[in-house]
Amino acid sequence: MMAGDPMLSLRVSEIKDPAALFERYSTEEIRRVERKVRGEIEQKKEELRQMVGERYRDLIDAADTIGEMRQCSESVVESIQDMQRFCHTLKQGRTSAGGSRQEHQNQRQWQEKFYTMASQIKLLLEIPERIWSAMEASQYLQATQLYLLCCHLHSLLQLEAATGGLYSPVLARFPILVRQVATTGHFRSTILLDSRALLRGRAVSDQAIAEALVSTMLLEDSSPRQALADFLLARKASIHQLLNQPQHGAGIKAQVCSLVELLVTTLFQAYAVFYMPPEGGARPGEGALSCGILFSTLENVTSCTPTGKGRKVLQEEWSTGSWFRYLPPSITEFQPTLRTLAQPIQTEQLRDTLQQWINTCKQDICHGVATLLVYVKSLKGLAAIRDAVWDLLSTDSISQHWGNVCQQLLGRPLVVWEDFLQQLFLHRLETITKEETEAIAMSSVQLLTSAVRDLEGQTLQSSSGSNPVSSRGAQFEVDVASFLWSESPGDLLSDAAWVSVAKRGQQQRSGLAMKTQALTPCVQNFCSSLDAKLKARLDDLQHYLPSQNTGSDSIPATASSSRLPDSPSAFNRYTDSPEVEGALREGCVACVRHILASIRSELDSAPTRLGSVLFMARLCQSVGELCPSLKHCILGRQGTGEAMVKGTPRQGKKLGKSKAAPEVSPAQAKWAGLKEELLGCSMEAYRIWSSALAKGLVETFSASLLAESAGAVLTTATSWEDLEIQEESESGNSVTSKIRLPVQPSWFVQSLLFQLCVEVNKVGGHALPRLTLQELLQSCVLQVLHHYDILTEQRQDTEGALPITQNRALQLLFDLRYLNTTLSSRLEDGKTSRSQQDPRFHKICDWLESFIDPFDLDVFTPPLNVNLNRLSQRTSVLLGLLTGSEKQFSPRSSTVNSQEPYNILPLASSQIRFGLLPLSMSNARKPKSSSRGSDVSQNLRF
C-alpha cells in the first residue's frame, strides 16, 4: 500500500496551488503532505548550517587575500608615481653641453666591456642547451668541446672579476653566473658515462668510437693506452652483459652470434681506431680498412696551427647573432688541449694488450657459452648455432679482411670457431649423445623387463587355462610353430606383386620374411622400438654432419643459399665429423652393452622360464639385423662406402691380382666385436634352453630305461621281425632257420626323439643356430650315455635285480645304436667316426653284447645293421631337424633286391627350396632304370 500511495511521490516543488490539494486529496493525505514538507524544511536548514560551517574558513582566507591584493596594488601605483617624478627631474637637470673627449672615450670602452661581458653571459647561458642537444644526438665529442668551452668562459669571468673591481656590481647583478658552475658541473660525469656506454655497443661506427674515446681523453686528460684499456674494458663488460642476460630475452643462437660478432667487431675497431702503420711501411692500398682514426680525430680537435685542420668549437650557426662579434678571440678560436702529447701505441704494446684481453675473454666466453649450451637439447639446435656462426664469419665484410687484421694486430691468425667454440660444441654434443643413448638404454631395459614380465604372467595364465587371448604372445614365444602357421594381414606387403625383394629396402620386410627367421612379434616390437629411437638419434646427427652428396665443407640447402660459391669460408664446419660419429658410436655401444647386461641378469635370475629365455635369445640374435640404424650409428658413413665397394665385386678380378686382406677400420672392428657380444649372449641363452630341454626329456627317458619290473619292460617293447637265414651245416647242407630281431626302437626312445623334434620345431628349429642344435644333440647323447652307465652300475651292484635277457640286450643295443646314429648326425658337421665317438658308447655296447651268445651275435649283427640303417633312413625326414640335411643317405646299391618289403624316400641331390619337404628325386639322378623309381613311388611307406 505504501508503494502505491500517491502522496509519497508528490514533490514540494510541484505544489503550486494549495487549494488544489484540498480538492484532490483527503484530510489524512493533506496531513501527510504537511509532515513531508516540514521534514524537508528541517533537512534544508541542517544542510545550510553545515555548509556555512565548512566554508567559513575559506571565506576568511579569501577576505585576507583581497586585502593583500589591495595593499600590493597601492604599492605599485606609488612606485610608478616615483618613477615619473624621477624622470621629470632628470629632464630638468640635463645640461646641453657634452662631456669632454676623454669622458666619451671612457664611456665607449666601458660600453665595449659591457657588451663583451654580455655576449659571454649569453654564450654561457646557451651552452647547456647545446650540450644537451649534442648528447641526445650521441655527439659526445661536440658536447665535450662545449663543456670545456663553458669551463673556459667561467674561468674568464672569474678572472676578470678577481682583478677588476669595476665589474663586481655586474656580477652582483647577475648571480646566475655564480650558479652556472653548479649547473654545468654534472655534464662531465654524464658525458663520461654516456661515452663509455657507447663503447659497449656492437652496431657503432668506428668514427663514433674514436670520438667517444677522444671525449674521455679530453675530460680525464688520459693517454691513448688508457683509452685502449677503457675500450677493452667496455667490450669485456658488454660480453658479460650478453652472457648474463635472461634466456627468455633472446635465443641461444642469437646470444652466441652476438658474442662472436662483438669479439670480431672489437678487433676490427681496435685496428681502425688504435693501429698505426709503422713508419716507412707500405701504406694501405685502395679498398683497405682505415686505421688510426683516434689520432686523426684527436689532431683535428686539438690542432692550433693556422694550417691545421682544427675543428672550431663555435660552429657557423653561432656567428649569425649580432652579439657574436663582441666575443674575444680566446673564445672564438678556442680548442681543447691535452697536457701530454698523444703518442701512437707501439705495435708490441698493442699486440700484448689485445692478446691479454683475448685470453681473459676466452675464459669468460667459454664458461658462458658452455652454460648457454646446456639449454640446447638436440644436435639439430647445435648445428643451427654453428651454421649461424659460420654464416656470420663468412660474410664478405669479415672474411675479406679478417686475416690481415689478425696478422697486423696479433701477429698470428685467429680462428674464432676453433679457438673459442669448437671444443664447447663438441663437448655438448658428446653430453647430449650420452644422455640420449643412456635414455634409450634405460627405456629399452624397461621395455625388455616389461616384456619378460608379461611373458611370465601370460605363461602362468596360459598354463592355468585363463585369458587365452592375452597369452598369445607367450604362446608365440614358446611355440613358434603356432606363429609360423598363423595368418596375419602383414604377411605380404601391398606391393608384393610388382616389387621384387631385391629392390626393397631393409626396412620393408614382410611378415613372411619375419616368420622364415622365426622372429616373433615380441622380438619385432622390441627391435622396431629400439631402431626407431636410434633412427631419431641418427637423423639428429645428420644435421651436424655434411650431406653425403657434397664436399667436406658443404653448405646446406637451407643456409647461405645467397652466397657465391667461390666466396671464402671462415672455417671448416665439419673437421670434427670423426669425433661426432665416434661419440654416437661409443654411446650406442654402451647402450647395447647395457641392454646385454640386463639380459644376462635376467638369464641368471630366470633360468627356468624358457619362454623368456628364448625371447632374449632370439632378441640378441636378431638385433643386428632388425635394427639397421644400430649398424649405421656404429659404422657411420662407412656403411655407405662399403655398399658402394660391394657394388663392384669384379674389380679385383679384372686387375688379376691376388686377393689381399681387407683393411678393417676401428668402426668395423667395434661393430664386429659388438655382433660377437650379441651372438655370445644369444648362444648363452640358447644354451640355457637346450640344457633345460635335454634334462627334462632325458629324465622321462631314464625312468623307462631304468625300470625294474618286467611289466614296465614289456610296456615299452615293440614288435620284432622274423627273418629266415640260410646256414651251412657241418655236413655242408643248406639249413634254413628263423631268427627274431628288433626293427623299431623302444617306445621311450621313439618318444624321446619325437618330443625332442617337436620341441625343436616349436621354437622354430629352422632358424636356430647350427651350434645350438649341435650342443642340444650332444647334451642329449651325453645324458643318454650317462643313464646307460647308471644301468650298468645298477646291474653290477644290485643283487636280485631283474636280469637282462638276450632279447632285452638286443633291444637295448638296437636302441643305443639308433640313438647314437640319429643324435650324432649333426655333430662335427655330420661326420662321425669311431675315434670321435664317446668311449662310453663302445663300453656300453660291449657290456650289452656280453649278454648275447657270441654265435648268435655273429649271426644277428648283419641283419641288425640292415634294420638299423633302414630305420634311420625311414625316420630321416620325420626327424629332419635332428638328422640334418648334411647327412643324406646314399641310394641303395644295385645288390639290394627291389622286391624287399620296405622302401625309403630318396632325397634330391640338387639344392631345393624346401629342404625338409618329402620331394622325390629327379629322373636325372636315376638314369639306369625307371622301374626302380616306380617301385619307390608305389611302395612308399614308413
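The rules behind the values
- Residues numbered from 1 in each chain as written.
- Predicted model: local features only at pLDDT ≥ 70, side-chain atom pairs only at ≥ 80, totals over all residues.
- Heavy atoms only, no water.
- Helix = DSSP H or I, 4+ residues; strand = E, 2+ residues; numbered from the N terminus.
- Buried < 20%, exposed > 50% of the residue type's maximum accessible area, 1.4 Å probe, protein only.
- Contact = heavy atoms within 4.5 Å.
- Axes fitted to C-alpha atoms, helices over the stretch in contact; angles between N-to-C directions.
- Parallel < 35°, antiparallel > 145°, perpendicular 65-115°, else oblique.
- Expected span 1.5 Å × (residues − 1).
- Patch = residues over 30% accessible without salt bridge, like charges linked within 9 Å, V, L, I, M, F, W, Y side chains within 5 Å.
- Areas by Shrake-Rupley, 256 points an atom, 1.4 Å probe, with all protein chains shown as cover.
- Salt bridge = Lys/Arg side-chain N within 4 Å of Asp/Glu carboxyl O.
- Left-handed = near helix turned anticlockwise from the far one by under 90°.
- Nonpolar A, V, L, I, M, F, W, Y, C, P; charged D, E, K, R; others polar.
- Phe/Tyr/Trp six-rings, centres within 6.5 Å; stacked < 30°, edge-to-face > 60°.
- Core = buried A, V, L, I, M, F, W, Y, C linked by side-chain atoms within 4.5 Å.
- Pairing = 2+ DSSP bridges.
- Polar contact = N/O pair within 3.5 Å; in protein donor to acceptor, adjacent residues only side chain to side chain.

(A) Expanded view of the overall build of the chain. The number of helices and strands found in the chain is 35 helices and two strands. For the chain, the proportion of its 942 residues judged to be buried stands at 39%. Within the chain, contacts between residues at least 6 apart in sequence are counted, and of these 77% link residues at least 24 apart.

(B) Quick peek at the packing of helix α9 (residues 224–244) against helix α13 (residues 347–373). Closest axis-to-axis distance for the α9/α13 pair is 10 Å, and the angle between their directions is 5°. When the axis of α9 is compared with that of α13, the two are roughly parallel. Only Gln349, Leu350, Thr353, Leu354, Trp357, Thr360, Cys361, Asp364, Ile365, Gly368, Val369 and Leu372 of α13 make contact with α9, whose side of the interface consists of Arg225, Leu228, Leu232, Arg235, Lys236, Ile239, His240 and Leu243.

(C) Spatial organisation of helix α14 (residues 379–393). The terminal C-alpha atoms of α14, which comprises 15 residues, lie 21 Å apart, in line with the 21 Å expected from a rise of 1.5 Å per residue. Every buried residue of α14 is listed here: Leu379, Leu382, Ala383, Ile385, Arg386, Asp387, Ala388, Val389, Trp390 and Leu393.

(D) Main features of a nonpolar patch on the surface. Among the surface-exposed residues, Leu48, Met51 and Val52 lie close enough to one another that they form a single nonpolar patch of about 290 Å² accessible area. Locating Leu48 in the fold gives a position in helix α2 (residues 27–93).

(E) Layout of the packing of helix α7 (residues 186–199) against helix α8 (residues 206–220). One can describe the packing of α7 onto α8 by two numbers: an axis separation of 9 Å at closest approach and a directional angle of 145°. When you trace α7 past α8, the crossing you get is left-handed. Every residue of α8 that contacts α7 at Arg188, Ile191, Leu192, Ser195, Arg196, Leu198 and Leu199 is listed here: Ala208, Ile209, Ala212, Leu213, Ser215, Thr216, Leu219 and Glu220. Looking at the contact of α7 with α8 residue by residue, the classes come out as nine nonpolar, three polar and three charged.

(F) Seen up close, unusual backbone geometry. Its identity is not glycine, yet Ser138 carries a phi of approximately 60°, on the positive side. Taking relative accessible area as the criterion, Ser138 reaches 40% and is therefore assigned partly exposed. Even without glycine at this site, Asp221 takes up a positive phi of about 55°. Positionally, Asp221 belongs in the loop between α8 and α9.

(G) Spotlight on the packing of aromatic side chains. This model, assessed by the stated rule, comprises eight aromatic pairs. Ring geometry for Tyr271 and Tyr275: centres 5.0 Å apart, planes at 15°, overall stacked. By relative accessible area, which is 5% here, Tyr271 ends up buried. Taken together through their ring pairs, the aromatic side chains of Phe701, Phe748 and Tyr788 make up a single cluster.

(H) Focus on the nonpolar core. Phe274, Leu409, Leu421, Trp689, Phe701 and Leu756 are the most contacted members of the largest nonpolar core, which totals 185 residues. Sorting elements by how many residues they give to this core places helix α17 (residues 416–464) first, with 16 residues. Setting aside anything within four residues of it in sequence, one finds Leu421 in contact with Val256, Val260, Val369, Val389 and Val416. Membership of the second largest hydrophobic core comes to 22 residues, among which are Leu149, Leu153, Phe187 and Phe334.

(I) Focus on the environment of Thr297. With respect to the helices, strands and loops of the structure, Thr297 is situated in helix α11 (residues 293–302). The exposure class assigned to Thr297 is buried, which follows from its relative accessible area of 5%. Note: C-alpha distance between Thr297 and Leu141 (156 residues apart in sequence) is 9.8 Å. Apart from residues no more than four positions distant in its own chain, Thr297 is found in contact with Leu141, Gln207, Ala210, Glu211 and Val214.

(J) The pairing of strand β2 (residues 734–742), seen in detail. Two elements, strand β1 (residues 720–728) and β2, share nine bridges in a ladder whose sense is antiparallel. Each residue of the ladder has a partner; that of Ile725, found in β2, is Ser737. As consecutive antiparallel partners, β1 and β2 are separated by five residues, and within that stretch Gly732 has a phi angle of approximately 90°, a positive value.

(K) Seen up close, the side chain of Thr875. When you line up the elements, Thr875 lands in the loop between α33 (854–874) and α34 (880–883). Note on Thr875: relative accessible area 14%, which makes it buried. At 2.9 Å, the side chain of Thr875 and the side chain of Tyr818 are in polar contact. A polar contact is formed between the side chain of Thr875 and the backbone oxygen of Ser872, at a distance of 3.4 Å.

(L) Here's a closer look at the pattern of salt bridges. One pass over the structure, following the stated rule, counts 19 salt bridges. Where Arg49 meets Glu46, a salt bridge forms, and the shortest distance between an N and an O atom there is 3.2 Å. Taken together, the residues span about one helical turn, with Arg49 and Glu46 both in helix α2 at a distance of three residues. Taking relative accessible area as the criterion, Glu46 reaches 38% and is therefore assigned partly exposed. The salt bridge partner of Arg537 is Asp540, with a shortest N-O separation of 3.3 Å. Residue Arg537 and its partner Asp540 are located together in helix α21 (residues 521–542), separated by three residues, close to a single helical turn. The pair Arg537 / Asp540 is uniform in exposure class, with both members buried. If you follow the salt bridges from partner to partner, you end up with Arg386, Asp387 and Arg573 in one network.

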